[in-house]
Structure formats: C-alpha cells, structure tokens
Amino acid sequence: MRVLSIQSAVAYGHVGNSAAVFPLQRIGVEVMPVYTVNFSNHTGYGAWKGPLIAPADVAAVIAGVEERGAFPSTDVVLSGYQGSAGIADVIIDAVARVKAANPSAIYACDPVMGNAKSGCFVAPEIPILLRERVVPVADVITPNQFELGFLTETSPLTIDETLRSVELARAMGPSTVLVTSVERPDREEGTIEMMVVDDASAWIVQTPHLPFKANGSGDVTAALFTAHYRSTGDAEVALARTASSVFGLLENTLSSGERELQLVESQEHYANPRLEFAVRKLA
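All figures in this text were calculated on a predicted structure; none of them were measured in a lab.

What follows concerns the overall build of the protein chain. Along its length, the protein chain carries nine helices and eleven strands. In terms of overall dimensions, the protein chain is globule-like: its C-alpha atoms have a radius of gyration of 17 Å, near the 19 Å expected for 283 residues. Referenced to the eigenvectors of the C-alpha coordinate spread, the extents of the protein chain come out at roughly 50 × 40 × 35 Å. Counting over 283 residues, the protein chain shows a buried share of 53%. Long-range contacts, defined as pairs at least 24 residues apart, comprise 66% of the intrachain contacts of the protein chain with a sequence gap of at least 6. For the protein chain, the exposed surface amounts to about 12000 Å²; the carbon and sulfur share of it is 52%. Counting 20 positive and 32 negative side-chain charges, the protein chain places the centres of these two groups 1 Å from one another.

Here it is, written out as structure tokens:
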C-alpha cells in the first residue's frame, strides 16, 4: 500500500506527519509525506519556530511526486490539520490527480477543527471550508464528536444522536465516518468510545479513558484506521486494530510521564495489536 500524506511536520514531538508516518511504516505501508508546515514543535506549547510552507510550494512537491510516476500506485491520500484555505485547494487538486491515475484510490480526511474542551482552534474560515469543499470529496472522514457536530450543524451526545449526525455527514459525500471520541452521557465512568459507520454497518468500541491530553493521537488514529480499512475493507477489523494500537500508545505515554507521544517505544502495538477491546455492532 502507498499513501500520500499531506500534513504538518515538527522536529520535536509527534503531530501531523511526524505522528502518522512511522506507525504506517511499521505496519508495512509506503508513505510519501508532504509537509504543510515545518515547525520546531506543535503549537500547544505556545511558542514555536519554523515556516508555514506556501501552498504553491506544497503543490510543487506533489507535482514532483506525480512526475516520478507514483500516482497510479497510490492507494490513499491522507490529510489532517489544514492551516490555510490555500492548502485545502492543493489537497483537493491532489486527490483529483491521484484518482485520475488510480480510480480505486481513496481520500481520507481528518477534519481537524477543535474539541469539546478547548472549542475551535483553527482559523474561522477553515471549518466552513472543510464542510463545504473538502469533506464532500472525501471517502473517509475521522472527526471527533465535536467536529462531527460542527460539520453537520448538530450537537450529538447519545449514540442515537451520533448515528444521526454520522448519516448527515455521509450524505455530504464520504461513505465511511470514524468518530474518534464518543463521550455519551450514559457511558460507563472512566471510558471513551470510537464509532465507525460505512455502507455495511455501524460499530462501536469502548476503551478506558486515560486522564491526559496527548497531542498527535488523533493523527495516529486517522492514519492507522485508514490503512487498516483500505487493506481489509472491513470496518470492524480496522476499528479493533486501531483502538488497540492507539490505547497501547497512550498507555505507554502516560506511564512514561512524558508530554509527547512515545511513538517509537510503542511500535509493537502497531505491528501486533493486542485486540483486547470488543467491537460491538450497532446496526
């Protein structure tokens, strides 16, 4: 499998491509990372150095990859945080070019906007752009529950509400929706869930909720789920593997006492997920 991953990059820590690339490589995926920023560290520190990469420069890198003849063998285009409207245009164009070369390729979009605790942390035009232009061309999207609500102009909390919001999102274009953090009011204390819906069915998995914030964990989740789903065509299997791998990564990170994801140290969890969490069919 070959993935064109258009995301941010940092030298210190793991977010964007700096979170997604190694886990994908560890499970045998060939990744072509294209950077949209090249920062010293993620912006959660409040200070960072390094450049935003101009959309024209991002497009030039992608054009160079295309000239090497890579697009016919590219199976997935993956994108995450989009820092500007111009980057969205570049990604949409890249998706069209890859799909022209390989009609079976898919586009997986992580529509990064924010979360329930911190609210929206992207530029005001980005959520509207995602809703109106980017999500409609995606095959797979991986929002959290907050982002799902914004995309569909709903406020999902319960499982039924979340399923209804997912169907509204699927009506926008993507056939598969992974909701990466379902925090329903009636869930068992100390747990969190992930839900996936595709044309075949709907599935949910529950894991312990570890009490800390881990920047980049959503990027790892989107990357691993997309790869497993593309390789197997089975949402249940992809959800089970992803939940296990990401929980192992988060558990290792928490026990380390470090702020940044223990990405390399957790590699066995990607290569051989323990599959300790039961996936339940919803519909």
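Okay, helix α2 (residues 55-67) next. End to end, α2 covers 18 Å across 13 residues, agreeing with the expected 18 Å (1.5 Å per residue, within 8%). Listing the buried residues of α2 in full gives V58, I62 and V65. The buried residues of α2 all sit within an arc of 50 degrees when viewed along its axis, so they share a single face. Exposed and oriented more than 90 degrees from the buried face of α2 are A56 and E67. Taken together, the buried residues of α2 touch β1 (2-10), β2 (30-39) and α3 (85-101).

Moving on, we get to the pattern of salt bridges. According to the stated counting rule, one finds 13 salt bridges in the structure shown. E276 serves as the salt-bridge partner of R274, at 3.0 Å between the closest nitrogen and oxygen. The exposure class assigned to E276 is partly exposed, which follows from its relative accessible area of 34%. Via salt bridges that share partners, E66, D93 and R97 belong to a single interconnected network.

Of all seven residues that make up strand β8 (residues 176-182), six are buried, and the element is covered over most of its length. Relative to β8, strand β7 (residues 140-141) runs parallel, the two sharing two bridges. Directly across from I141, in β8, lies its bridge partner V177. Bridging between β8 and strand β9 (residues 191-197) involves four bridges; their strand directions are antiparallel. The partner of L178 across the bridge, within β9, is V196.

Conventions adopted
Residues numbered from 1 in each chain as written. Predicted model: local features only at pLDDT ≥ 70, side-chain atom pairs only at ≥ 80, totals over all residues. Heavy atoms only, no water. Helix = DSSP H or I, 4+ residues; strand = E, 2+ residues; numbered from the N terminus. Rg over C-alpha atoms; globule rule 2.2 N^0.38 Å. Buried < 20%, exposed > 50% of the residue type's maximum accessible area, 1.4 Å probe, protein only. Contact = heavy atoms within 4.5 Å. Areas by Shrake-Rupley, 256 points an atom, 1.4 Å probe, with all protein chains shown as cover. Lys, Arg positive; Asp, Glu negative; His and termini not counted. Charge placed at Lys NZ, Arg CZ, Asp CG, Glu CD. Expected span 1.5 Å × (residues − 1). Arc of directions from axis to C-beta. Salt bridge = Lys/Arg side-chain N within 4 Å of Asp/Glu carboxyl O. Pairing = 2+ DSSP bridges.

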